[in-house]
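Architecture and fold: a report
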Amino acid sequence: MNAAIHTEKLIRRFGRTTAVDSVDLDVPQGAVYALVGANGAGKTTLIKLLMNIHRPTSGRAEVLGIGSHLLAGKAFTQIGYVSENQEMPEWMTVGALLDYYRPFYPQWDRGLEQELVRQFGLPLDRKLKHLSRGQRMKASFASSLAYRPPLIVLDEPFSGLDPLVRDELIEGLLERATETTIFLSSHDLAEIESFSSHVGFLEQGRLLFSEELTELTDRFRDVTVTLGGPSPLPARVPSAWLQAQASDSVVRFVHSGYRQHETERELAQAFPAARDVSFDPMPLRAIFLAIAKSSRNAAPAAAPAPEPRRIEA
């Protein structure tokens, strides 16, 4: 599958600070890709590199097959970009804003524009400066979706919004997900878990893993081994066992490379006297917390993914 976004060894430094560190990223066409990381992890800087707002120190990036450093003018008619702190002409009304943007986009769909105005409940005659934060974000979404861009880039789009507004915006996005690629950043795991198809984890400028969300959740299990009596952990705990601990006759850990039959054989060899072994699926938040806690001790992270370290979930 072709990549809507592709980067190779992408680096951006500000003085002695490396904000984006050798990022190799591929976002498949048609994906809903969530770039997750704590505040300050480098998510906004990476997006600004993709949008040609910043130039890379080294490495390269392509967006819709075009080098990011070449993005200008007509190329942006193919990209919908919404930022958490996006500046808007506050003296304009919502209707005037849409009238102003419309001629810049040859593929602007007036019918879709009207549908979005109705769906988001936008007051066309009200000035932007008199809108709530949620209404302003709805106006940004409407003006970015109305020309049906093949790529939508969203930088922390739901930050600070109440749940109702957030759900309305997500619904508006997903209704158009079949015709576009969506790339968004977030520090909130709960808001992306329900609708993202892919997830990447950025930590201190480094992309620690990037994969389909279903693959990520499939390979993590909360494991409980019940034994006949007290038993220590194996002398060499596998690197895929995160937060391994033994208490009385129970051993618990998070398995980050779970494969049903292989893992069952692995545990049968490690604990031949086990009375019971359970493998419980984990929500995304629990997965990231397990990665965070294990990495604070500099423990190797899960195979087969690169080594995660920390996230604030």
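Residues numbered from 1 in each chain as written. Predicted model: local features only at pLDDT ≥ 70, side-chain atom pairs only at ≥ 80, totals over all residues. Heavy atoms only, no water.

This brings us to the domain arrangement of the protein chain. By domain assignment, the protein chain separates into domain 1 (3-213) and domain 2 (221-281). Relative to domain 2, the C-alpha centre of domain 1 lies at a distance of 42 Å. (Domains from an automatic or database assignment.)

One open sheet accounts for four strands, arranged β12-β13-β11-β14; its pairing is antiparallel. The open sheet is flanked by β12 (241-247) and β14 (276-281), the only strands paired with a single partner. Here the average twist between neighbouring strands, direction ignored, is 15°. Against the sheet, helix α8 (residues 260-270) touches β11 (221-226), β12, β13 (250-255) and β14, its axis set at about 145° to β14. (Pairing = 2+ DSSP bridges. Helix = DSSP H or I, 4+ residues; strand = E, 2+ residues; numbered from the N terminus. Axes fitted to C-alpha atoms, helices over the stretch in contact; angles between N-to-C directions. Contact = heavy atoms within 4.5 Å.)

A separate point is helix α4 (residues 133-145). Between its terminal C-alpha atoms α4 stretches 18 Å, which fits the 18 Å expected from 13 residues at 1.5 Å a residue. Of all the 13 residues making up α4, 11 are buried; the element is thus mostly covered by neighbouring parts of the structure. Close packing links the buried residues of α4 with β6 (79-83), α2 (94-101), α3 (110-120), β7 (151-155) and α5 (163-174). (Expected span 1.5 Å × (residues − 1). Buried < 20%, exposed > 50% of the residue type's maximum accessible area, 1.4 Å probe, protein only.)

To continue, consider the nonpolar core. If you look at the biggest cluster of nonpolar residues, it comprises 54 residues, and the most contacted ones within it are F141, F158, L184 and F288. Excluding its chain neighbours within four sequence positions, the residues that come into contact with L184 are V32, Y33, A34, L35, L154, P157, F158, I192 and F195. (Core = buried A, V, L, I, M, F, W, Y, C linked by side-chain atoms within 4.5 Å.)

Below, the discussion takes up the environment of S159. Relative to the helices and strands, S159 is located in the loop between β7 and α5. Between the C-alpha atom of S159 and that of L174, which follows or precedes it by 15 residues, the distance is 18 Å. With sequence-adjacent residues up to four places away left out, S159 is seen in contact with E84, R133 and H187.

Residue position: P157 is located in the loop between β7 and α5. The spatial distance from the C-alpha of P157 to the C-alpha of Q29 is 20 Å, given a sequence separation of 128 residues. Those residues in contact with P157 that lie beyond four places of it in its chain are M137, F141, L184 and S185.

With the exception of glycine, the majority of residues adopt a negative phi angle, and the majority of peptide bonds are in the trans configuration. In the Ramachandran plot, K9 falls in the positive-phi region, its phi being about 45° despite a non-glycine side chain. Within the fold, K9 resides in strand β1 (residues 3-14). Given the relative accessible area of 52%, K9 is considered exposed. Despite not being glycine, R148 has its phi angle at roughly 50°, a positive value. Along the chain, the position of R148 falls in the loop between α4 and β7.

On to empty space enclosed by the protein, then. All told, the structure shown has one cavity of 30 Å³ or more when counted by the stated rule. Of the voids in this model, the largest cavity is the one considered here, and its volume is about 40 Å³. Forming the boundary of the largest cavity are L145, R148, P149, I152, R176, E179 and T180. Of the residues that constitute the lining of the largest cavity, the class distribution is three nonpolar, one polar and three charged. (1 Å grid on protein atoms, 1.4 Å probe; cavity = no way out; pocket = protein on both sides within 12 Å on 5 of 7 lines; lining within 4 Å. Points joined across faces, edges and corners; volume = space filled by probe spheres on them. Nonpolar A, V, L, I, M, F, W, Y, C, P; charged D, E, K, R; others polar.)

For the rest of this paragraph, the subject is the layout of surface pockets. One water molecule sets the probe size; rolling that probe over the atoms shows where empty space is left. Here the largest pocket is characterised by a volume of approximately 260 Å³. Elements with a contribution of two residues or more to the lining of the largest pocket: β6 and α4. Take the lining of the largest pocket: its biggest share by element is three residues, from α4. When the residues that make up the lining of the largest pocket are grouped by side-chain class, the tally is nine nonpolar, four polar and one charged.

Quick look at the packing of aromatic side chains now. Counted according to the given criterion, the structure contains 12 aromatic pairs. Measuring from ring centre to ring centre gives 5.4 Å for Y100 and F104, while their planes differ by 65°; the resulting arrangement is edge-to-face. Overall, Y100 belongs to the partly exposed group, its relative accessible area being 45%. With a centroid separation of 4.1 Å and an interplanar angle of 10°, the aromatic rings of W241 and F253 are classed as stacked. Placement of the pair is W241 in strand β12 and F253 in strand β13, with a sequence separation of 12 residues. Taken individually, W241 and F253 each receive the classification buried, so the pair is uniform in this respect. Members of the aromatic cluster, each reached through a chain of ring pairs, are Y100, Y101 and F104. (Phe/Tyr/Trp six-rings, centres within 6.5 Å; stacked < 30°, edge-to-face > 60°.)

A separate point is the sheet that holds strand β5 (residues 66-67). With antiparallel pairing, the four strands of this open sheet are ordered in space as β2-β1-β4-β5. Every other strand in the sheet has two partners, leaving β2 (17-28) and β5 as the edge strands with one partner each. Pairing analysis gives five bridges linking β1 to strand β4 (residues 58-63), with the strands arranged antiparallel. The residue of β4 that forms the bridge with E8 is R60. Strand contacts of helix α1 (residues 43-50): β1, β2 and β4, with the helix running at about 115° to β1, the strand carrying the most contacts.

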